[in-house]
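Fold and geometry: a report
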Amino acid sequence: MDLKSKKILIAGAGISGIGAAALLGKAGIPAAIYDGNEALDQAAVVAKLPEGMEVSFELGEFKEELADKYDMLILSPGISIHQPVAQAFYVKNKPVWGEIELASHFAKGKIAAITGTNGKTTTTALVGSILREYYQSVFVVGNIGIPFTSVALDTTEDSAIAAEISSFQLETTIDFQPEVSAVLNVTPDHLDRHGTMEVYADTKFSISKKQNKDQVIVLNYDDPITRAMAEKATAHPVMFSRLEELAEGIILRDDTFIIKENGKEMPVCTTSEIKLLGSHNHENILAAIGITYYMGVPVEKIRDAVMKFTAVEHRIEYVDTVDGVDYYNDSKGTNPDAAIKGICAMNRKTVLIGGGYDKESTYDEWIDSFHGKVKKLILIGQTAQKIATCAKAHGFTDYVFADSLEEAITIAYETAEPGEAVLLSPACASWGMFDNYEQRGDIFKEYVRNLKE
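Worth saying up front: this structure is predicted, and the values here are computed from it rather than measured.

Quick look at helix 4 (residues 84-91) now. In an α-helix, one full turn covers 3.6 residues, which means residues spaced three or four apart are oriented alike. What helix 4 keeps buried is the set Val 85, Ala 86, Ala 88 and Phe 89. Looking down the long axis of helix 4, one finds its buried residues gathered within 160° of arc, a one-sided arrangement. In helix 4, the exposed residues that point more than 90 degrees away from the buried face are Pro 84 and Val 91. At its buried positions, helix 4 is contacted by strand 1 (8-11), strand 2 (31-35), helix 3 (66-69), strand 4 (72-75) and strand 5 (96-97). Asn 93 occupies a position one or two residues after helix 4 and carries a positive phi of about 55°.

Below you can see the structure in the form of structure tokens.
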């Protein structure tokens, strides 16, 4: 599509919207930004754009006439495709793109695209580290915090791109076609936006919808939802499994990660040689091995990168030891399944801080995962009472409420004894109390370090 002939409206003045405006501006394509906030600080937005770049604004309550005025919409992932601004363009059969679709229109090189309910940030970061062992030009982008739009014009035909892609971003992909895609797992999350598990799973699977038989989709054999995706994939499916001895694919046999292809076995490394904690990270490593192997990285380069890689920030991240108690930041545990993995990674009595924004999740399996490991549960945020009710129904009554994260840390400090751990793993989104999970994790780390003063 020739974008230079289009009048383009960008919905949302946050990081994604600004990234889209900057990309279009650098490409010599003018655009307007729409935001529902009539009092938006336009100068502050312009200050985040390349110097000298002009952008116009449409502010306040959305009016359907804007869909007549503009030829296409670039939708920020925080805005649902069901919102009036998107629906107005859909009704008129005008294109609605998101950040990933826009960036891929300009990007060059090979893309590895990773999605899944849990583990995608760690896997994407690991994929990026492995790619850097082999490729000179590597970009790690997407939901991991660096907008794809911010680097798309810097890519070349020799570039390798690792892209973490959320279900929100996948709602607006159209012709996006990665060389290798991956769906790590699908467990209940964001049902407040997607409505049903079927819609949510289909949205995740859409990462591969434009791939062909010469391209690859990496899937988790141990997850029945992702395993079933192999049957309808247009790309060549490659399975990974932590639990099963597959005839082909990427497996963990005893303590060794192995690539099995065409009757050959290629050991990569062992669990004793890696720095990541937890069986869930074994799954992330299996996926990353598969993704990068089919991106053309030699096994020895994969081995070197996997053995060096350490945990990403906010994912079971060791913070500090205070009075003999270890503190861990798992703020990225934004749903029950992710938080279960945080609990499983703990190897001692743990004081757990949980709760936050209600994404209409259920917490039964999370509570059941405590298995005598959780000494006390400290609850904060909108879901505190909902989680407490669930915990009580499962026979866990050692919980307390806190009005803030700071109060929760104070209670944890008073409760945990030397040799035990304190874990922030909320099982909920951060919205309402914090801007995002990164801010929540950063504040947690700041409060913990203040305990020493």
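Within helix 5 (residues 99-106), six of the eight residues are buried, which leaves it mostly tucked inside the rest of the structure. Within the span of helix 5, buried status applies to Glu 99, Ile 100, Glu 101, Leu 102, Ala 103 and Phe 106. Looking at the buried positions of helix 5, the neighbouring elements they touch are helix 1 (15-26), strand 4, strand 5, strand 7 (138-142) and helix 7 (167-170).

Moving on: the sheet that holds strand 4. The pairing of strands in a sheet happens through backbone hydrogen bonds and is either parallel or antiparallel. On the basis of which strands lie adjacent, the open sheet formed by five strands has the order 3-2-1-4-5 and parallel pairing. The two strands at the open ends of the sheet, each matched to only one other strand, are strand 3 (56-59) and strand 5. Relative to strand 5, strand 4 is paired through two bridges, and the arrangement is parallel. Paired with Leu 73 across the bridge in strand 5 is Val 96. Against the sheet, helix 1 touches strand 1, strand 2 and strand 4, its axis set at about 155° to strand 1. Docked against the sheet, helix 4 engages strand 1, strand 2, strand 4 and strand 5, running at close to 145° with respect to strand 4.

This next bit is on empty space enclosed by the protein. Rolled over the atoms, a probe with the dimensions of a water molecule shows which regions are left empty. Applying the stated rule across the entire model yields two cavities of 30 Å³ or more. Of the volumes computed, that of the largest cavity is approximately 60 Å³. Around the largest cavity sit Asn 118, Gly 119, Thr 122, Asn 185, His 280, Glu 283, Asn 284, Arg 315 and Lys 341, which together line it. In terms of residue count, the dominant contributor to the lining of the largest cavity is helix 11 (residues 279-293) (three residues). For the lining of the largest cavity, a count of residues per class yields no nonpolar, six polar and three charged.

A few words on the nonpolar core. Grouped together as the largest cluster of nonpolar side chains are 56 residues, with contacts concentrated most on Leu 3, Leu 24, Leu 102, Phe 106 and Phe 148. With six residues, the top contributor of residues to this core is helix 1. Ignoring sequence-local partners within four residues, the contact set of Leu 3 consists of Ile 8, Leu 24, Ile 29, Met 72, Trp 97, Leu 102, His 105 and Phe 106. Among the nonpolar cores identified, the runner-up in size contains 43 residues, and Leu 126, Ile 250, Val 297 and Val 312 belong to it.

This model, assessed by the stated rule, comprises 21 salt bridges. One salt bridge in this structure joins Arg 315 and Asp 330, with 2.3 Å as the shortest N-O distance. A residue pair is termed long-range when its members are at least 10 positions apart, and Arg 315 in the loop between helix 12 (299-308) and strand 15 (317-322) and Asp 330 in the loop between strand 16 (325-329) and helix 13 (336-345) qualify at 15 residues. No difference in accessibility class separates Arg 315 from Asp 330, as the two residues are buried. Its salt-bridge partner being Lys 386, residue Asp 358 comes within 3.3 Å of it at the nearest N-O pair. Of this pair, Asp 358 sits in the loop between strand 17 (350-354) and helix 14 (364-368) while Lys 386 sits in helix 15 (residues 384-393), and the two are 28 residues apart along the sequence. Assessed through its relative accessible area of 22%, Asp 358 is described here as partly exposed.

Conventions and cut-offs
- Residues numbered from 1 in each chain as written.
- Predicted model: local features only at pLDDT ≥ 70, side-chain atom pairs only at ≥ 80, totals over all residues.
- Heavy atoms only, no water.
- Buried < 20%, exposed > 50% of the residue type's maximum accessible area, 1.4 Å probe, protein only.
- Helix = DSSP H or I, 4+ residues; strand = E, 2+ residues; numbered from the N terminus.
- Arc of directions from axis to C-beta.
- Contact = heavy atoms within 4.5 Å.
- Pairing = 2+ DSSP bridges.
- Axes fitted to C-alpha atoms, helices over the stretch in contact; angles between N-to-C directions.
- 1 Å grid on protein atoms, 1.4 Å probe; cavity = no way out; pocket = protein on both sides within 12 Å on 5 of 7 lines; lining within 4 Å.
- Points joined across faces, edges and corners; volume = space filled by probe spheres on them.
- Nonpolar A, V, L, I, M, F, W, Y, C, P; charged D, E, K, R; others polar.
- Core = buried A, V, L, I, M, F, W, Y, C linked by side-chain atoms within 4.5 Å.
- Salt bridge = Lys/Arg side-chain N within 4 Å of Asp/Glu carboxyl O.

Treat this as a map of the structure, not an account of what it does.
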